[in-house]
Amino acid sequence: MKKIIFLILLFCFVCNSKSNAQCEIKNRIQPDGSMQYYFDPAVFYTTKSKSLKINIVTDKEHYFVALQPTPFPDKKIGKKIKDDLIIHLADNNIYKLVHYDTQYQRNDSIMQVLYLIDEKDIEAFSNYEAVIAEINMQGTEFVRSYNFKLHKDAIIEQLKCFLKNEEN
């Protein structure tokens, strides 16, 4: 009987910790002194020649899709990336996200491009998987298109965590 109770408690603990780990919101202070909240990026696309990681970033006022493409152009060329991001969601609609900022992090070993999610589109991004992203990668090729294969629901899950956290 004790073994059964122990197994039930262990199972509950594992399930609870797994659900909490999915909503592990991190934060960092930006150079301008503002606080930024984010999740670890999820791999959406990967091949031998290129990959794309995506996560949601917020300042508690606006929500951004952060892209980390690999390979990425050097800083001089990468800072020229100013075009908007086109994302196709599973609702068969196309969404245009406005370019917000291009950042190089960790001694320029990671490039991150932030795109602002329009407030009217938050509900769609909270309910429909990402299917395709189209990015104009200045200086490397004309438009890079990614058909998402992995973690298509990462944007949904991360947005829901942020929105749930705001409600509390």
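Participant: Help me understand the overall build of the protein in this model?
Facilitator: Assigned secondary structure in the protein consists of four helices and 10 strands. Ordering the α and β elements of the protein from the N terminus gives α-β-β-β-β-β-α-β-β-β-α-β-β-α. For the protein, contacts bridging at least 24 residues in sequence account for 54% of all contacts bridging at least 6. Roughly 10400 Å² of accessible area belongs to the protein as shown, and the carbon and sulfur atoms make up 54% of that amount.

Participant: Is there a simple way to think about empty space enclosed by the protein in this case?
Facilitator: Enumeration according to the criterion identifies one cavity of 30 Å³ or more in this entry. In this model, the largest cavity occupies a volume close to 30 Å³. Looking at the largest cavity, the residues that line it are I25, T58, K60, Y63, F162, N165 and E166. When residues in the lining of the largest cavity are grouped by element, the largest group, three residues, is from helix α4 (residues 154-167). Partitioned by chemical class, the residues of the lining of the largest cavity number three nonpolar, two polar and two charged.

Participant: I'm lost on the confidence of the model for the protein in this one. Help?
Facilitator: Predicted coordinates in areas of low pLDDT are best not read in detail. Mean pLDDT over the protein stands at 84; residues scoring 70 or higher make up 83%. Under a pLDDT of 50 for its full length, residues 12-21 has, in the predicted model, zero contacts with residues more than four places off or in other chains.

Definitions and limits used
- Residues numbered from 1 in each chain as written.
- Predicted model: local features only at pLDDT ≥ 70, side-chain atom pairs only at ≥ 80, totals over all residues.
- Heavy atoms only, no water.
- Helix = DSSP H or I, 4+ residues; strand = E, 2+ residues; numbered from the N terminus.
- Contact = heavy atoms within 4.5 Å.
- Areas by Shrake-Rupley, 256 points an atom, 1.4 Å probe, with all protein chains shown as cover.
- 1 Å grid on protein atoms, 1.4 Å probe; cavity = no way out; pocket = protein on both sides within 12 Å on 5 of 7 lines; lining within 4 Å.
- Points joined across faces, edges and corners; volume = space filled by probe spheres on them.
- Nonpolar A, V, L, I, M, F, W, Y, C, P; charged D, E, K, R; others polar.
- pLDDT = per-residue confidence, 0-100.

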